[in-house]
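# Reading the structure
These are the residues of each chain, in order.
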Amino acid sequence: MALVENVSNLQKSQDLLEAEGGKKTMMKKMMRQIQEEPLDSLSSSVRRQAMEILTQLSHTQPTLGVRERLELVNTCVQSVFSLPSVQAMQEKDEAKAETIQTLYHQTLEALQTLLKALFAEDPTPAGLKSILEPLGPWMNSGKAHERARAVNSNVSVLNHVLLTLPFFVPLGFPALGLLLGRLILRVGDPDEEIGREALDGIVTLYTILDLQKRAKDKEETNKKELYESNKRFLGPYNSVSPCQNILRVIAEFGDFLGPQQVKDLLLAALEGLKGSSEASGKDSGETMQLASEVTLSWVLEWYRHRVLEVIPEIMQGIYLQLSHIQEPRAREVALLPVSLLASSFMTEVVVALLMCPLPLDSNGADMWRQLILRKPSCDVRDLLDLLLGSLKEKPVTKKGRASIVPLAAASGLCELLSVNSCMGRVRRIYPQLLLALLIQVHYHIGLSLPGCMAPLKDAQKDTQPSAFVPVRWVVKVVKTLLLRMGCSYEATFLEEQGGWELMEQAESHHRGVALLARAMVHYSCQELCRILYLLIPLLERGDEKHKITATAFFVELLQMEQVRRIPEEYSLGRMAEGLSHRDPIMKVLSIRGLGILARRTEKTAKVQALLPSIVKGLKNVDGMLVVEAVHNLKAVFKGWDRKLMDSTVYVEMLQILLLLFSDSREDVRSSCINLYGKVVQKLRAPRTQAVEEQLISTLVPLLLTMQEGNAKVSQKCVKTLFRCSCFMAWELPKRAYSRKPWDNQPQTVAKICKYLVSAPGSTVVAYKCVGRGELCVSLFPLSPPAPCFHDQLQAVGSGAFISASGFSPDFVLTGSISLPHDAALENLRHDPEASVCIYAAQAQDHLLASCWRNSWLLHGDSGVCDPATTHHWSPSCENLPTSHQRRSWIMQALGSWKMSLKQ
């Protein structure tokens, strides 16, 4: 208080200003003084005195910047306008009722004087905007006394601008649309005094614009006479129907409204809807909504052609304002420009709506539905065609930049699907929409859009919103489309079979699409014929993702009877071409299609003729795809002519499956072993050498894979081993079919190995498995932690195969163990795991010792009866060469293991 009194006595002293630290420092002190005043009462003149000092300071240097001026006006306006009504303050303190009224008028006058002084300090468009902008929100307040203060202050500043117009004319009038729109709404205010004063302000504004126009034409005009003339021209205030005044004002201001001014006028009308929700009393709220509706409707009726270039800004403004408008009727009015603009500029409106933030919230969704819910609505056919065109775009451009257009189009389509009236139009292009969405699912796998988060309503309380996954959103649109088209059975089927999840993964997307097409065929979807004929030309378009999705759907439709009408080049021919495609998925899809076609009698022979190409195409293909392809080949094999059967095809298929016995994925391993057995079942006598060698090479891998300890895989191994035994007439011991681990059963291992070399008719098995080193060949390409690695190593380390076979000279000549596998075992002796070191050392000892003995037999004199005497050889291990002696091999292995740990 002392500061105000002291400064008021010396407010003209420039020396004091300098002593206090300059103009800006003094202004900050005055602003702090104003902010400390209570907002619920007016009991002192501090506000008034502070604003009077600020008015005097405005005449000094330096001039305030735009930001500083805006902050100053905001502080003063907030302090004065927030006060309760004069009547409320008088009722609170009746003894000072007259004083309060006088003080209030003095304070409001001080504020308006300050605003005029600030404009005089900077009579430019930016200066005027910094003064009028803080008044805008108060003009839409739900409290009548706050609106009255804002309108009165606006009109006061406009009258001052009119008086000082020569300083302002060359630069034009700023923010005309916003100011005019706010004043127009107040013309329709339920408080007549506010309405009357707002119309006076509009007359002043019109006179200012008229003077600017005349000044350009260098016409001399009397301001007062022009003001009175314009007042008569715009008409008196109509208290019964203020909307008549609004219509007249909108019509007469047309010469001054360009695209930006029309846009600002519309956005100002939307601001009024926010205030209508806060207005006290139902009648007041309805009156303010009516004023906004009339303004929006007539501005677009008369000046719609001027807003084409600013439609995106209008749509963005509507979207932002909707967040502050909750009352249902007010939201309807706010959405009115969407349908009005779309009726004339649908393409531009749709493009603007595609820029709405994703995922769509309730505001964005309402804007999409407004296109067809309200009159005048746009043509639904054209609207859907626009969305379909956007759905055909790729979400990633050639430059690698992500585009939200396809995802936004899918979101908009989802909202339109909720409107029953457009379902007939949707059905017209249903096949195109479905296929475009399925392809977009493929495109959006793994794609993330920066800044997109899940809607807050979907997130749990007090938690961060989850990341928005675009591919799941597109899948949701696919579901919605199916349900709205009456395909509820198909959607449920996919839900139960996990088809939606399959679609969302890169490696299984084609399976999810195929599952959907299969369901539609099963439930006889009415649109399948249209989809079928649409797909034929689509198969050759687009990139790999486009082709894979289209082919996956098309292949399942080959089950339809209508396929017989399609030329063979589009069915069988296209599938045959796919066998040589560079993409493995396309190969598998083609095999699936050929399997379906093989069920038709007229196509069976042609498909079976392609069987060698089919099997060769499976080489170097991922295990899951191989399993999928072989399953689809059942139909091809089913009608195979056994007399003309070429076992080479079976052998090639078995070779491919055998390579997958060691796949790290349990489901692949299990499926391939099971399929192997089923293919063996189809083999018929006589056995060819290639078939025998293939099945013999399978024996040891099956025996050892059973030792994994995996119940599912072991069960498949037992079945497949039994089928191989039946075909080859093997009489394996019963324990060979046991899934019990070999760790503590050396006798079991010995009996199995002994059978392989001693059972009648099984010498070829022993020769192939042991004599040629098949066992080791199957072992050492695998390295820890292969599923059955320890069992394989133990089988060799136990010496069971070695001692049972006796090794043939052919084995020694090939050197299949002594050279490459000895080196492999040597490396394994340094493994970090102790058991591996021990088994490797034991296996190396058995192999090297047996190899040395057989080498002596090969080069010795067959006529000497006692080779031990001739060559001074003794069965004792001490007489072996140093490199082949069994000298405490366990200790050596443990020593090597310890050394490896120290390194």
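Residues numbered from 1 in each chain as written. Predicted model: local features only at pLDDT ≥ 70, side-chain atom pairs only at ≥ 80, totals over all residues. Heavy atoms only, no water.

## With respect to the overall build of the protein
For the protein, the count of helices and strands is 50 helices and 0 strands. Per-residue burial over the protein gives 53% buried out of 903 residues. Put simply, of all contacts in the protein between residues at least 6 apart along the chain, 74% involve residues at least 24 apart. Of the accessible surface of the protein, which amounts to about 41,400 Å², a share of 52% is contributed by carbon and sulfur atoms. (Helix = DSSP H or I, 4+ residues; strand = E, 2+ residues; numbered from the N terminus. Buried < 20%, exposed > 50% of the residue type's maximum accessible area, 1.4 Å probe, protein only. Contact = heavy atoms within 4.5 Å. Areas by Shrake-Rupley, 256 points an atom, 1.4 Å probe, with all protein chains shown as cover.)

## Brief notes about the packing of aromatic side chains
The final tally for this structure, using the stated rule, is 9 aromatic pairs. Pairing phenylalanine 661 with tyrosine 676 gives two aromatic rings, centres 5.3 Å apart and planes at 70°, and the pair type is edge-to-face. In this pair, phenylalanine 661 sits in the loop between helix H37 (647-659) and helix H38 (666-681) while tyrosine 676 sits in helix H38, placing the two residues 15 residues apart along the sequence. Both residues of the pair, phenylalanine 661 and tyrosine 676, count as buried. Three or more aromatic residues joined by ring pairs make a cluster, and in this case those are Tyr206, Phe233, Phe253 and Phe256. Over the face of the ring belonging to phenylalanine 233 we find arginine 248, whose NZ or CZ atom lies 5.1 Å from the ring centre. Note that lysine 476 overlies the ring of tryptophan 473, its terminal NZ or CZ placed 4.6 Å from the centroid. (Phe/Tyr/Trp six-rings, centres within 6.5 Å; stacked < 30°, edge-to-face > 60°. Lys NZ or Arg CZ within 6 Å of the ring centre and 35° of its normal.)

## Some details on the nonpolar core
Residues Phe253, Met315, Leu371, Leu434, Phe553 and Leu695 are the most contacted members of the largest nonpolar core, which totals 260 residues. If we skip the residues at most four places from it in the chain, phenylalanine 253 touches Leu180, Ile202, Leu205, Tyr206, Leu209 and Tyr303. (Core = buried A, V, L, I, M, F, W, Y, C linked by side-chain atoms within 4.5 Å.)

## Brief notes about the pattern of salt bridges
Applying the stated criterion across every chain yields a total of 35 salt bridges. In this structure, glutamate 293 and arginine 329 form a salt bridge, with 2.5 Å as the shortest nitrogen-oxygen distance. With glutamate 293 in helix H15 (residues 282-303) and arginine 329 in helix H17 (residues 328-334), this pair connects stretches of sequence that are 36 residues apart. Taking the relative accessible area as the measure of exposure, glutamate 293 reaches 23% and is therefore partly exposed. Residue arginine 329 is classed as partly exposed on the basis of its relative accessible area, which comes to 35%. Across the pair aspartate 385 and arginine 428 runs a salt bridge whose closest N-O atoms are separated by 3.1 Å. Linking aspartate 385 in helix H21 (residues 380-391) with arginine 428 in helix H23 (residues 423-428), this pair joins segments that are 43 residues apart in sequence. Here the salt bridges do not stand alone but share partners, grouping Glu293, Arg329, Glu332 and Arg374 into one network. (Salt bridge = Lys/Arg side-chain N within 4 Å of Asp/Glu carboxyl O.)

## Side note on the layout of surface pockets
There is about 450 Å³ of room inside the largest pocket. Taken together, 22 residues line the largest pocket, and the ones lying closest to its centre are Glu133, Gly136, Pro137, Arg182 and Glu271. Within the residue set of the lining of the largest pocket, elements represented by two or more residues are helix H8 (125-132), helix H10 (176-187) and helix H14 (259-278). Sort the elements by how many residues they give to the lining of the largest pocket and H14 lands first, with 5 residues. In terms of residue class, the lining of the largest pocket is built from 9 nonpolar, 6 polar and 7 charged. (1 Å grid on protein atoms, 1.4 Å probe; cavity = no way out; pocket = protein on both sides within 12 Å on 5 of 7 lines; lining within 4 Å. Points joined across faces, edges and corners; volume = space filled by probe spheres on them. Nonpolar A, V, L, I, M, F, W, Y, C, P; charged D, E, K, R; others polar.)

## Thoughts on the packing of helix H3 (residues 23-35) against helix H5 (residues 66-81)
Direction vectors running N to C along H3 and H5 enclose 25°, while the axes themselves pass 9 Å from each other. Considering the angle they form, H3 stands roughly parallel to H5. As for how H3 packs across H5, the hand of that crossing is left-handed. Touching Lys24, Met27, Met31, Ile34 and Gln35 of H3 are Glu68, Glu71, Leu72, Thr75, Cys76 and Ser79, all from H5. Residue composition of the contact of H3 with H5, grouped by class: 5 nonpolar, 3 polar and 3 charged. (Axes fitted to C-alpha atoms, helices over the stretch in contact; angles between N-to-C directions. Parallel < 35°, antiparallel > 145°, perpendicular 65-115°, else oblique. Left-handed = near helix turned anticlockwise from the far one by under 90°.)

## Here's the deal with the environment of lysine 547
For lysine 547, the location among the structural elements is in helix H30 (residues 544-557). Spatially, the C-alpha atom of lysine 547 lies 8.8 Å from that of isoleucine 439, the residues being 108 residues apart in sequence. Apart from the residues lying within four places of it in its own chain, the contact partners of lysine 547 are Leu539, Glu540, Arg541, Gly542 and Met586.

## Re unusual backbone geometry
Look at the link from leucine 358 to proline 359: it is a cis peptide, with omega at -5°. Structurally, proline 359 is set in the loop between helix H19 (346-353) and helix H20 (362-373). A positive phi angle is found at alanine 729, which is not glycine, with a value near 60°. Relative to the helices and strands, alanine 729 resides in the loop between helix H40 (711-728) and helix H41 (746-758). For alanine 729, a relative accessible area of 56% corresponds to the exposed category.

## What about H20?
Look at H20: 15 Å from first C-alpha to last across 12 residues, which is about the 16 Å you get at 1.5 Å a residue. For H20, a buried count of 9 out of 12 residues is recorded, marking the element as mostly surrounded by other parts of the structure. Looking only at H20, the buried set comprises Asn363, Gly364, Ala365, Asp366, Met367, Trp368, Gln370, Leu371 and Ile372. Each element contacted by the buried residues of H20 is listed here: helix H16 (311-322), H17, helix H18 (336-342), H19, H21 and helix H22 (405-416). Among the residues of H20, the N-terminal cap falls to aspartate 361, whose side-chain oxygen and the backbone nitrogen of asparagine 363 are separated by 3.2 Å. (Expected span 1.5 Å × (residues − 1). Polar contact = N/O pair within 3.5 Å; in protein donor to acceptor, adjacent residues only side chain to side chain.)

## Remarks on the side chain of glutamate 121
Mapped onto the elements, glutamate 121 comes out in helix H7 (residues 97-121). Residue classification places glutamate 121 among the buried residues on the basis of a relative accessible area of 15%. Filtering out sequence-adjacent residues up to four positions away, glutamate 121 remains in contact with Lys23, Ser58, Thr60, Pro62, Thr63, Leu64 and Arg69.

## Thoughts on the environment of isoleucine 131
Looking at where isoleucine 131 falls in the secondary structure, it is placed in helix H8. Taking relative accessible area as the criterion, isoleucine 131 reaches 0% and is therefore assigned buried. Residues isoleucine 131 and valine 157, 26 residues apart in the sequence, show an inter-C-alpha distance of 8.7 Å. When near neighbours in sequence (up to four residues on either side) are disregarded, isoleucine 131 contacts Arg69, Val73, Leu115, Leu118, Phe119 and Val157.

## Focus on the state of the cysteines
Scanning all chains against the criterion turns up 0 disulfides. The structure places no disulfide on cysteine 529, whose sulfur is separated from the nearest cysteine sulfur, that of cysteine 525, by 9.8 Å. (Disulfide = S-S within 2.5 Å.)

## Side note on the environment of aspartate 382
Here aspartate 382 lies in helix H21. Separated by 36 residues in sequence, aspartate 382 and methionine 346 place their C-alpha atoms 8.5 Å apart.

## Details of the side chain of threonine 207
Note that threonine 207 resides in helix H11 (residues 192-216). Judged by its relative accessible area of 0%, threonine 207 falls in the buried class. Apart from the residues lying within four places of it in its own chain, the contact partners of threonine 207 are Leu162, Lys223, Leu226, Tyr227 and Asn230.

## Brief notes about the confidence of the model for the protein
Model confidence for the protein is summarised by a mean pLDDT of 80, while 76% of its residues fall at 70 or above. Across residues 795-820, where pLDDT falls below 50, the model places 59 contacts with residues more than four positions away in sequence or in other chains. (pLDDT = per-residue confidence, 0-100.)

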